[in-house]
Amino acid sequence: MRAFQRALLGWYGRHGRDLPWRRTRDPYEILVSEVMLQQTQVKRVLEYYPRFLARYPTAAELATASEGEVREAWDGLGYYRRASNLQRAAREVAERHGGRFPASPEELVRLPGIGRYTAGAVASFAFGLDAAILDTNAARVLARVFGSTRRKGREARLWALAQAAIPPGRGYPFNQGIMDLGALVCTARRPACPRCPVRRACRTGRAVAEPRRPRTRAQR
Ligand code: SF4
């Protein structure tokens, strides 16, 4: 576990992606990015994210907008229900939390449209809590690294692992790192084990044959 944590954090520090929602700790801005990323690729979200925030820079402004306007601002991203949930969450923050987002995943998950993953993401990326996240990328990485392949109880096991794997106080970089590793290196179809930074700590990676090196003259 320690070797995995060290390798992942080191790699994220050097190679983590520079994305606009990583330059803020504002829970509303982070929530907007997470909701957009739920069913839309990063490349497309990069285009829409600044535009949406320019139109609705705060949760309060989104909360008071008309539904038609919000739909218009979301146009092109699809799955309009996400925008509607986002607005409902903004309204609830205004009405029930005095305009301030709650920090804990337990409270966040009670907001409309916020599931366990999104609650963990906002808690760790905005408030720096050691809250677990488990999206497809993180689940794949954890299952491969720790060899968690049994189907029965898989999800609960991976959530527990995602929580236990966070080094104390490092929820932000650890969660971002595991998502980047899943997106850039440990991809679904072709994991790049030979160049993976956590390979030595990974059960699956260690089982993959080392790439052959050309033999030296003395070895021939
Ligand atoms: S070594 Fe391979 S399987 Fe393990 S985390 Fe890296 S890319 Fe994924």
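Below is a summary of the structure that appears in this document. (Residues numbered from 1 in each chain as written. Predicted model: local features only at pLDDT ≥ 70, side-chain atom pairs only at ≥ 80, totals over all residues. Heavy atoms only, no water.)

1. Considering the overall build of the protein chain
Link 1 in the chain: A count of helical and extended segments in the protein chain gives 12 helices and zero strands.
Link 2 in the chain: Overall, the protein chain shows an N-to-C arrangement of helices and strands of α-α-α-α-α-α-α-α-α-α-α-α.
Link 3 in the chain: Along the three orthogonal principal directions, the C-alpha set of the protein chain runs to about 75 × 30 × 30 Å.
Link 4 in the chain: Evaluated residue by residue, the protein chain yields a buried proportion of 47% over its 220 residues.
Link 5 in the chain: A total of about 12500 Å² of accessible surface is found on the protein chain, and carbon and sulfur atoms cover 48% of it.
Link 6 in the chain: Positive and negative charge centroids in the protein chain, built from 40 and 19 side chains respectively, lie 17 Å apart. (Helix = DSSP H or I, 4+ residues; strand = E, 2+ residues; numbered from the N terminus. Buried < 20%, exposed > 50% of the residue type's maximum accessible area, 1.4 Å probe, protein only. Areas by Shrake-Rupley, 256 points an atom, 1.4 Å probe, with all protein chains shown as cover. Lys, Arg positive; Asp, Glu negative; His and termini not counted. Charge placed at Lys NZ, Arg CZ, Asp CG, Glu CD.)

2. Here we look at unusual backbone geometry
Link 1 in the chain: Phi at Tyr79 is positive, roughly 45°, even though this residue is not glycine.
Link 2 in the chain: Examined against the element boundaries, Tyr79 turns out to sit in the loop between helix H5 (67-74) and helix H6 (81-96).
Link 3 in the chain: Of the residues examined, Tyr79 reaches a relative accessible area of 53% and is grouped as exposed.

3. Notes on the site of the ligand
Link 1 in the chain: Around the ligand lies a shell formed by Arg144, Val145, Cys186, Pro191, Ala192, Cys193, Cys196, Val198, Arg199, Cys202, Thr204 and Gly205.
Link 2 in the chain: Breaking the shell around the ligand down by element, the ones donating at least two residues are helix H9 (136-146) and helix H12 (203-207).
Link 3 in the chain: Among the residues making up the shell around the ligand, the classes are represented as eight nonpolar, two polar and two charged. (Near = heavy atom within 4 Å. Nonpolar A, V, L, I, M, F, W, Y, C, P; charged D, E, K, R; others polar.)

4. With respect to the pattern of salt bridges
Link 1 in the chain: Counted under the stated rule, the structure contains seven salt bridges.
Link 2 in the chain: Put simply, Arg22 and Asp180 hold a salt bridge, and the shortest N to O gap is 2.8 Å. Here the residue Arg22 occupies a position in the loop between helix H1 (2-15) and helix H2 (27-37), and Asp180 occupies one in helix H11 (residues 171-184), the gap between them amounting to 158 residues.
Link 3 in the chain: Here Asp180 falls in the buried class, since its relative accessible area comes to 0%.
Link 4 in the chain: Close ionic contact of Glu72 with Arg55 constitutes a salt bridge, the shortest N to O distance being 3.4 Å. (Salt bridge = Lys/Arg side-chain N within 4 Å of Asp/Glu carboxyl O.)

5. Here's the deal with the nonpolar core
Link 1 in the chain: Within the largest apolar cluster, 72 residues are counted, with the highest numbers of intra-cluster contacts made by Phe4, Tyr28, Met36, Phe52, Leu142 and Ile178.
Link 2 in the chain: The contact partners of Tyr28, leaving out residues within four places of it in the chain, are Phe52, Leu53, Tyr56, Pro57, Thr58, Ala59, Leu62 and Phe101. (Core = buried A, V, L, I, M, F, W, Y, C linked by side-chain atoms within 4.5 Å. Contact = heavy atoms within 4.5 Å.)

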